[in-house]
Amino acid sequence: MKKRLLSMILATAMVATMLVGCGAKEEAAAPAKEEAAVEEAAPAAEEEAPAAEETAAGGKVGVAMPTKDLQRWNQDGANMKEQLEAAGYEVDLQYAANDIATQVSQIENMINSGCKLLVIASIDGDSLGTVLEMAKEASIPVIAYDRLIMNSDAVSYYATFDNYMVGTIQGEYIKEKLDLDNADGPFNIELTTGDPGDNNARFFFGGAMDVLQPYIDAGKLVVKSGQTKFEEVATANWATDAAQARMDAIIAANYADGTKLDACLCSNDSTALGVANSLEANYTGEWPIITGQDCDIASVKNILAGKQSMSIFKDTRTLASKVVEMVDAIMKGGEAPINDTETYDNGTGIIPSYLCEPVFADIDNYKELLIDSGYYTEADLQ
């Protein structure tokens, strides 16, 4: 440290460069990003001994994301990489184009290339058992990221938002906007949730239906399509075109005669976008309440245009920060911070979890949540 202070006194320009970089001792430890190689090369040369110590204190972390097709995963991956590198870790970030075999191959390569810890947002929670057995045999901890990996005892921790709460917020929003406790009704509603291979979809749908089902049972909410079971309303890969095609058929069979559709429960923004596209093409009545999740730019624009009512805001910066804390604790030989040891059973037992709290954005508060916080700029939403 004395050597470092002396070096800082003798080379103020180098100090400025280091402070701009990230300002932490561990930052010099991180293997340089390709795009920042020039900036980090000079401090490494000047402080050769401390850099070597810091590199040894870091390590390589594999981050497996499911796809680039949905905006939220691009943000998750970018936030994770940036914050892990700032904390002094080398990061192998991979996207699998929603192809299970590709994700399995990417994780295998991470294991074989020396990753000391894996952060995995799975495509299908039941499809990683074999490759995670490799991780377990190599004593590589695994953090399931936002999607719980099922039926594998290789999963060490789970980091996510409170997925049941996501659904309850969506259900409560519909309940309040339709004033279900006071209005006479009945109101027509249609239901759309996500991929059946994503364990989160069941939590989202379950949370919402725990709010809405009593009103369906009482006849105040009517699902004219008759499709109320998870398997009937699931959307493979959360795909917008699949949600749109299903909604096209529902409108043609139940609402083409001018029957009013009052609400559409959509578990996320990609399915909400498909439903909105279908309504715009096929529905002539008053626009219904539409829920969503992730605050994707296209859906926020729809909120501003009155074509979507709300979207659950899950600030990926918050989740990335928590995962970095978990990674850092594990890599230093400790236990990751958690706040839930009861909710998430992946088939092999309860997975210790950290649950971040979601909120919703709508026309009334989007600016505070999304613009003022720096998540988006005004130009992003033009």
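Heads up: the structure comes first, above all this text.
Notes on the structure in this doc start here. What you see is a predicted model, and the numbers here were worked out from it, not measured in a lab.

Glancing now at the overall build of the protein. A count of helical and extended segments in the protein gives 15 helices and 12 strands. Per-residue burial for the protein yields a buried fraction of 51% across its 382 residues. Accessible surface for the protein amounts to roughly 16400 Å². Of this, 51% is attributable to carbon and sulfur atoms.

Right, let's get into helix H13 (residues 297-304). Among all positions of H13, only Ser299, Val300, Asn302 and Ile303 are buried. Buried residues of H13, viewed axially, fall in a sector of 155°; they line one side. If you follow the buried residues of H13, they end up packed against helix H12 (269-282), strand E10 (310-313), strand E12 (359-362) and helix H15 (366-371). Of the residues one or two after H13, glycine 306 is the one with positive phi, at around 80°.

Another point: the pattern of salt bridges. Scanning the model with the defined rule gives 16 salt bridges in all. The salt bridge partner of aspartate 76 is arginine 72, with a shortest N-O separation of 3.0 Å. One end of the pair is aspartate 76 and the other is arginine 72, both in helix H5 (residues 71-86) and four residues apart, which spans about a single turn. Each member of the pair, aspartate 76 as well as arginine 72, is classed as buried. The salt bridge partner of aspartate 146 is lysine 314, with a shortest N-O separation of 3.6 Å. Residue aspartate 146 is located in the loop between strand E4 (142-145) and strand E5 (157-161), and its partner lysine 314 is located in the loop between E10 and helix H14 (316-331); the two are separated by 168 residues in the primary sequence. Note on aspartate 146: relative accessible area 2%, which makes it buried. Taking relative accessible area as the criterion, lysine 314 reaches 4% and is therefore assigned buried.

Take the pairing of E4 next. Residues of E4 alternate between two faces, with Val142 and Ala144 on one and Ile143 and Tyr145 on the opposite face, all of them buried. Viewed along the sheet, the connection from strand E3 (residues 117-120) through helix H7 (residues 129-137) into E4 turns out right-handed. Pairing of E4 with E5 involves three bridges; the strand directions are parallel. Paired with alanine 144 across the strands is tyrosine 158, a residue of E5.

An order of E2-E1-E3-E4-E5-E11 is seen for the six strands of this open sheet, with the pairing classed as parallel. Sheet topology places strand E2 (90-95) and strand E11 (353-356) at the edges, where each strand pairs with a single neighbour. Strand after strand, the sheet turns through a mean of 15° between neighbouring axes, direction not considered. In this fold H14 packs onto strand E1 (60-65), E3, E4, E5 and E11, with an angle of close to 165° to the strand it touches most, E5.

So, how was this worked out
- Residues numbered from 1 in each chain as written.
- Predicted model: local features only at pLDDT ≥ 70, side-chain atom pairs only at ≥ 80, totals over all residues.
- Heavy atoms only, no water.
- Helix = DSSP H or I, 4+ residues; strand = E, 2+ residues; numbered from the N terminus.
- Buried < 20%, exposed > 50% of the residue type's maximum accessible area, 1.4 Å probe, protein only.
- Areas by Shrake-Rupley, 256 points an atom, 1.4 Å probe, with all protein chains shown as cover.
- Arc of directions from axis to C-beta.
- Contact = heavy atoms within 4.5 Å.
- Salt bridge = Lys/Arg side-chain N within 4 Å of Asp/Glu carboxyl O.
- Right-handed = clockwise from strand over helix to strand, strands pointing away.
- Pairing = 2+ DSSP bridges.
- Axes fitted to C-alpha atoms, helices over the stretch in contact; angles between N-to-C directions.

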